[in-house]
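# Observations on chain architecture
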Amino acid sequence: MRPFALDYARPAEEWEVSTPYSYDSALQLNVLPDGRIAAHDYAVLREWGATTSTAGSKTHFDD
C-alpha cells in the first residue's frame, strides 16, 4: 500500500542563494568583503534578517 502523501508530495525547490558575507574563522564572525563585521551592517540585517553562521549551529547568531 502506497501512503497517500507520496502521491502528492513534491521535492522542495533548491534555491541558489548568495549571501553578501562570508565566515571568518579567525574572528569567528561573518564578515563583508571589505572586512567589516556583517552584523554591524544594518542594510545586510534588514535584507537577510540575521547573519546566521553556517560554521556551527544554525541557532546561534553573530552579535
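This text follows the structure it describes.
All of the points below concern the structure found in this document. (Residues numbered from 1 in each chain as written. Predicted model: local features only at pLDDT ≥ 70, side-chain atom pairs only at ≥ 80, totals over all residues. Heavy atoms only, no water.)

Moving on to the overall build of the chain. On a plain count of helices and strands, the chain comes out with two helices and two strands. Helices and strands appear in the chain in the N-to-C order α-β-β-α. Of the contacts made within the chain by residues no fewer than 6 positions apart, 26% connect residues no fewer than 24 positions apart. When the accessible surface of the chain is summed, it comes to about 5,600 Å², and 54% of that surface belongs to carbon and sulfur atoms. (Helix = DSSP H or I, 4+ residues; strand = E, 2+ residues; numbered from the N terminus. Contact = heavy atoms within 4.5 Å. Areas by Shrake-Rupley, 256 points an atom, 1.4 Å probe, with all protein chains shown as cover.)

Glancing now at the side chain of Asp41. Along the chain, Asp41 falls in the loop between β2 (29-31) and α2 (42-48). Among the residues examined, Asp41 registers a relative accessible area of 14% and is labelled buried. Reaching out from Asp41, the side chain makes a polar contact with the side chain of Arg36 at a distance of 3.1 Å. A distance of 3.0 Å separates the side chain of Asp41 from the backbone nitrogen of Ala43, its partner in a polar contact. (Buried < 20%, exposed > 50% of the residue type's maximum accessible area, 1.4 Å probe, protein only. Polar contact = N/O pair within 3.5 Å; in protein donor to acceptor, adjacent residues only side chain to side chain.)

Let's shift gears to the pattern of salt bridges. Under the counting rule described, the total for this entry stands at two salt bridges. Two residues, Asp34 and Arg36, come together in a salt bridge whose shortest N-O distance is 2.8 Å. Of the charged contacts, one joins Arg36 and Asp41 as a salt bridge, the two residues approaching to 3.1 Å between their closest N and O atoms. Connected via shared salt-bridge partners are Asp34, Arg36 and Asp41. (Salt bridge = Lys/Arg side-chain N within 4 Å of Asp/Glu carboxyl O.)

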